[in-house]
Amino acid sequence: MAELEGLEFGKSDFVLLDEVTMEQFMENLKLRFEKGRIYTFIGEVVVSVNPYREMDIYGKEVVEAYRGRELYENPPHLFSVADAAYKTMKRRAKDTCIVISGESGAGKTEASKYIMQYIAAITNPSQRAEVESVKNVLLKSNCVLEAFGNAKTNRNNNSSRFGKYMDINFNFNGDPTGGHINNYLLEKSRVVQQQGGERNFHSFYQLLRGGSEEMLQSLFLQRDPSFYIYTREGAGGFFFPQTSSEDRSAHKAVLTALKVIGFRAQEIDSIYMILGAILHLGNLEFATDGESVRVTAPQAVENIAILTSTTAADVSKALLFRTVATGGGEVIDKGHSEQEANYGRDAFSKALYERLFSWIVSRINAVIEVKDYNPVLHGKNTVIGVLDIYGFEIFDNNSFEQFCINYCNEKLHQLFIELILRQEQEEYDREGIPWQHIDYCNNQIIVDLVEQPHRGIISILDEACLGVGKVTDVMCLESMDSKLGQHPHYTSRKLSPTDKSLEFQRHFRIRHYAGDVTYSVEGFLEKNKDPLFQDFKRLMFNSTNPVLSEMWPEGRLDITEVTKRPLTAATLFKNSIVALVDKLACKDPYYVRCIKPNEVKSPMLFDDARCRHQVAYLGLLENVRVRRAGFAYRQPYNRFLQRYKMTCEYTWPNHLMESDREAVEAIVKQHDFHDDVEYGHTKLFVRTPRSLFTLEQERAALIPILVLFLQKVWRGALARMRCRRIRAIYRIMSCFRRYKVKAHFWEVERRLGGVRTMADYGRSVQWPAAPAALAHFHAITQQLYHRWWARQVVKNIPPSDMAEVRAKVAALSALQGERPTWGCGRVWERDYLSHVSDSPQTSAHFVQVSKELKNKDQFSTILFSGFVRKVNRFNKSTDRALFITDKHVYKLEPRKHFRVLKKIPLDNVTGLSVTSGADQMLVLHTSSKDDILVCLQRGELCPNQDRVGEVLGTLSDHFTRSNTGAAVEPGPTQLLSTSCSVTPLWYQCATILPLRSNTCV
Ligand SMILES: Nc1ncnc2c1ncn2[C@@H]1O[C@H](COP(=O)(O)OP(=O)(O)OP(=O)(O)O)[C@@H](O)[C@H]1O
Ligand SMILES: [Mg+2]
């Protein structure tokens, strides 16, 4: 760090001072201020000196230079602390807070704005719209809060007159998701009265100077702030020559900001109507007419009524009367005295403004609050808190507000002491680290003086407020004198009669850590009690403007209702500050300590005495001493190990040493910064951040390798898992398939197991549907079965019937269903001419002829014989007999003793044509083109016989058998497979039955 800035700029960390003395500290601070180096480190604490001039050190490039860097890598800057807080929050998922302290005008608010700008600049790199809008509202809220909560004081032209603690919420990505603003004690007395040379809150001047003509007309206002009592003091003159234009532009900015934040038009109008009403209220005067009091300018009352959406009569009544409930449940109106009316008016104005301010804060909170956050989905929600609260103040006249503000600063200083000085030193003791104790000024005693129950100043004030009878401020002072007389940090004129700077019965003095402050007790009780007549609350609640009504919910209460006494202002403030300190204490704190270089807002002047005073009371020197002797970083051994174990071969992935401490030692030894650490009982203490940085760098370099390694292992594991799952699936599938096959076989067996013994050999049994895998197998099995079945059937046919069966099978396959009746169901006699029943008159004679032909032509089998009718082309028909043997086809003349008319060798027959009709026509085709066309005649055996199928089947079978070899006994396959093609030929429905295998079969 020291190398980053030349030595001519002094030491950029006070820890590097040669000697820790006030002189050297001041010398370094002054040198750096004069050289334009306004920031200096004390370890992680940034000391900031208000430059009172524009500095070119907050731009984009500077943000980039600090983004994600370690503290000591860059010159000291607010951005270093902001980045450290952000990094801690992101890396360790810890809530952090940045406490900005210093006296009024030291630059706290400016610092808080730069810190927020930095956080906004480094977050949301992906520019997600919802995050951008949150950032925008967070940034814009500053402008609104400053307008309504800041004012020009004699110490600071833009003094925060309220305390602000803002929580910014982040998601696991480190992007802001929302926030919450806590506001503390607005100095509302400023609304009605300001010290000489001071102004009321900026908002009034911005409205009067920046508001459009129409706006002012609608609010019945004049542009000149000096016209209104409440703004007269800060209206102009030589104090504020240039502020008119600033107020004008600020007004525009506030209007824009209100719209960006999401205030509705009606709400914005209401805000300015309330401001207008307050200004009109301030100008109200009262006069006493005999007994009663009246408002001197009724027009102003009219205006107030319009602006608050009430009636003039109600406003007037609330200003002049007080409704009181008598004991008997009766309600009466009690008129105010002129003084009471004046008091009521001012109290009303103050309360109106205070409620308006709190309402604005709550509206902003409603917009920025984190919505729909689910820790399971979105990860841990972490917070960075930024505290910018009024600095320590000493005015010429210090009242109740200064008392509260200074008490608040005592509490924050106590927290600083607690965290930075005391706890740190206690931790070294606890961990057994050799340590030279450093003394520091502990302000606990002053905190106790203010807040201790029963004996503290707040308790005494409350007692006085709650007491019956008229208790005055002076009585309260006396009570404090008697109870706190012995306290070393409390005094008054009564207790120190020689101190002429204190006034009797008016002043008391507290020796604060930052200096002595003399408070005027005047008005303390009134401000602590903070009373406001109920009538005003009811008036506002009953306003027809819903925004106003919403601000005054307790106006709903009836006058007769008994309510609990509200807590006093001091107690409320104390409670809120205690809650704030608790909130801060549970976070990792980062500090910005602001110093005001001079009282005249000069960029050149370094007021040595004033700065020395601030350095002393801020405890910066002690801070340097503790820091110098102490350690920048500490971490329990196990957490340290967890974070850095990958940087050492002995500790990665797990160490085999006795304890984590030894493993940590191994890491330290490997990186060679043994001299820079101390080993506590449970923690490792690292003196300089540089050592830690080395580790961090190494870790950052190793992380991608580790990530790759983990990814590799995990991908492998995923692939193995996937593979196992797929294997299991295949196994299940194959088992299931096997089961299905088996189940099919079982079922086939069950159904067909007994087919041998069945009468129909299982012909009627329905086969189970086969699984897809067995489709082919199933077909073959069925075919086998059918063959088996056929064999069983054929086996039982007597040999004498075989010829007929074969012929029928041949006819069946040749006809292919073309001919409906073909004589399948009857006995095929074949030789009808020899059959006595069929041809009773001629059979004996034909038997004789047949024998002669057998002897002569040597045939062995008669294939067919029967009467036929021959039809010639002249349509002349003649009866004939057809005789077919295994050698010849004979055409015989039946009437002439069966004389042979024509004899054709059977081998000459090439085909046979039949029709599909019921006629008995038949054509025998021959190779010699000498075809025989006849019509078969039925004999007497059965007049309806169809003999075409018989001739066809017998011839077809004969030729099939003579082609395959007569010696071979035709099996069922041959019988079944005999087939031929059928082609229409003759007239419409003739069928060709080629008989020769070398031609068509
Ligand atoms: N970093 C800075 N750069 C330029 N000017 C600064 C800076 N810090 C402070 N100032 C100047 O100092 C003035 C007072 O600063 P600021 O309002 O932040 O003080 P404060 O500590 O908040 O005081 P108070 O306690 O009264 O609110 C600013 O208006 C601004 O002009
Ligand atoms: Mg401020």
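These figures come from a predicted structure and were not determined experimentally.

Parameters at a glance
Residues numbered from 1 in each chain as written. Chains lettered and ligands numbered in written order. Predicted model: local features only at pLDDT ≥ 70, side-chain atom pairs only at ≥ 80, totals over all residues. Heavy atoms only, no water. UniProt positions renumbered as here; feature names shortened; annotations may be inferred. Contact = heavy atoms within 4.5 Å. Helix = DSSP H or I, 4+ residues; strand = E, 2+ residues; numbered from the N terminus. Pairing = 2+ DSSP bridges. Axes fitted to C-alpha atoms, helices over the stretch in contact; angles between N-to-C directions. Near = heavy atom within 4 Å. Polar contact = N/O pair within 3.5 Å; in protein donor to acceptor, adjacent residues only side chain to side chain. Areas by Shrake-Rupley, 256 points an atom, 1.4 Å probe, with all protein chains shown as cover. Nonpolar A, V, L, I, M, F, W, Y, C, P; charged D, E, K, R; others polar. Salt bridge = Lys/Arg side-chain N within 4 Å of Asp/Glu carboxyl O. Buried < 20%, exposed > 50% of the residue type's maximum accessible area, 1.4 Å probe, protein only. Donors = N, O, S within 2.8 Å, 3.2 Å for Na, K, Ca; no water. Parallel < 35°, antiparallel > 145°, perpendicular 65-115°, else oblique. Left-handed = near helix turned anticlockwise from the far one by under 90°.

Draft legend 1. Structural view of the UniProt feature "binding site: ATP" (unreviewed entry) in the protein. If you check UniProt for "binding site: ATP" (unreviewed entry), the listed places come out as Gly 102, Glu 103, Ser 104, Gly 105, Ala 106, Gly 107, Lys 108 and Thr 109 in our numbering. Leaving out residues up to four positions away in the same chain, Gly 102 has contacts with Lys 108, Gly 391, Phe 392 and Cys 594. As for its position among the elements, Gly 107 is in the loop between strand E3 (96–101) and helix H4 (108–122). Those residues in contact with Gly 107, other than ones at most four positions away along the chain, are Asn 50 and Cys 594.

Draft legend 2. Here's a closer look at the sheet that holds strand E13 (residues 490–492). Read across the open sheet, the three strands follow the order E13-E14-E15; overall the sheet is antiparallel. Taken across any chain shown, the strands that pair with only one partner, and hence form the sheet edges, are E13 and strand E15 (515–520). Averaged over neighbouring strand pairs, the angle between their axes works out to 25° when direction is ignored. Pairing between strand E14 (residues 507–512) and E15: six bridges, direction antiparallel. If you follow Arg 511 over to E15, its bridge partner there is Asp 516. Relative to E13, helix H19 (residues 473–484) is tilted by about 130°, and along the sheet it contacts E13 and E14.

Draft legend 3. Structural view of the site of ligand 1. Around ligand 1, the surrounding shell holds 20 residues, and the nearest of these are Ser 104, Lys 108, Thr 109, Ser 159 and Ser 160. Here an oxygen atom of ligand 1 and a side-chain polar atom of Lys 108 are 2.7 Å apart. In the environment of ligand 1, an oxygen atom lies 2.7 Å from a nitrogen or oxygen atom belonging to the backbone of Ser 160. If ligand 1 stood free it would expose 620 Å²; the protein chains cover 88% of that surface. When residues of the shell around ligand 1 are traced back to their parent elements, those giving at least two are H4 and strand E5 (159–160). For the shell around ligand 1, the per-class residue count stands at six nonpolar, 10 polar and four charged.

Draft legend 4. Quick peek at the pattern of salt bridges. Using the criterion set out here, one finds 54 salt bridges in the structure. Of the charged contacts, one joins Glu 132 and Lys 135 as a salt bridge, the two residues approaching to 3.0 Å between their closest N and O atoms. Of this pair, Glu 132 and Lys 135 are both found in helix H5 (residues 129–149), three residues apart, which corresponds to roughly one turn of the helix. Of the charged contacts in the structure, one is a salt bridge between Arg 869 and Asp 879, with a shortest N-O distance of 2.8 Å. One end of the pair, Arg 869, is in strand E20 (residues 862–871); the other, Asp 879, is in strand E21 (residues 877–885), with 10 residues separating them in the sequence. Here Arg 869 falls in the partly exposed class, since its relative accessible area comes to 32%. Exposure remark for Asp 879: the relative accessible area of 31% places this residue in the partly exposed category. Salt bridges linked by common partners bring Glu 103, Arg 155, Lys 596, Glu 599 and Arg 610 together as one network.

Draft legend 5. Just the sheet that holds strand E6 (residues 163–170), in detail. Strands sit in the order E1-E2-E16-E3-E12-E6-E7 across an open sheet of seven strands; the sheet is mixed. One side of each edge strand has no neighbouring strand; the edge strands of this open sheet are strand E1 (39–42) and strand E7 (176–184). Strand-to-strand twist in this sheet, taken as the mean axis angle between neighbours without regard to direction, amounts to 20°. As judged from the five bridges shared by E3 and strand E12 (residues 382–388), these two strands associate in the parallel manner. Pairing of Ile 100 across the sheet is with Asp 388, part of E12.

Draft legend 6. Layout of the coordination of the magnesium ion (ligand 2). Taken together, the protein donors to the magnesium ion (ligand 2) comprise Thr 109 (OG1) and Ser 160 (OG), at separations of 1.9 to 2.1 Å. Here Ser 160 lies in strand E5 and Thr 109 lies in helix H4, a separation of 51 residues in the sequence. Judged on exposure class, the residue Thr 109 and its partner Ser 160 are both buried.

Draft legend 7. Geometry of the packing of helix H11 (residues 265–282) against helix H14 (residues 338–368). The contact between H11 and H14 brings their axes to 9 Å, and the two run at 160°. In this view, H11 runs roughly antiparallel relative to H14, as classed from their interaxial angle. Considering only the axes of H11 and H14, their crossing is left-handed. Judged by residue contacts, Glu 267, Ile 271, Ile 274, Leu 275, Ile 278 and Leu 281 of H11 engage Arg 345, Phe 348, Ser 349, Leu 352, Tyr 353, Leu 356, Trp 359, Ile 360 and Arg 363 from H14.

Draft legend 8. Looking closely at the side chain of Asp 676. By the secondary structure assignment, Asp 676 is in the loop between helix H27 (660–671) and strand E18 (677–679). Here Asp 676 falls in the buried class, since its relative accessible area comes to 12%. A distance of 2.4 Å separates the side chain of Asp 676 from the side chain of Ser 691, its partner in a polar contact. When sequence neighbours within four positions are dropped, the list of residues in contact with Asp 676 reads Phe 685, Val 686, Arg 687, Thr 688 and Ser 691.

Draft legend 9. Structural detail: the packing of H5 against H14. At their nearest, the axes of H5 and H14 sit 11 Å apart, and the two run at 180° to each other. In terms of orientation, H5 and H14 fall into the roughly antiparallel class. Residue-level contacts link Val 137, Leu 138, Ser 141, Val 144, Leu 145, Ala 147, Phe 148 and Gly 149 of H5 to Tyr 353, Leu 356, Phe 357, Ile 360, Val 361, Ile 364, Val 367 and Ile 368 of H14. Its residues assigned to classes, the contact of H5 with H14 shows 14 nonpolar, two polar and no charged.

Draft legend 10. A look at unusual backbone geometry. The omega angle of the peptide bond from Trp 652 to Pro 653 is -5°, so this bond is cis rather than trans. The topology assignment puts Pro 653 in the loop between helix H26 (637–644) and H27. Here the phi dihedral of His 454 falls at roughly 70°; this positive angle occurs in a residue that is not glycine. Along the polypeptide, His 454 turns up in the loop between helix H17 (444–451) and helix H18 (457–466). Taking relative accessible area as the criterion, His 454 reaches 63% and is therefore assigned exposed.

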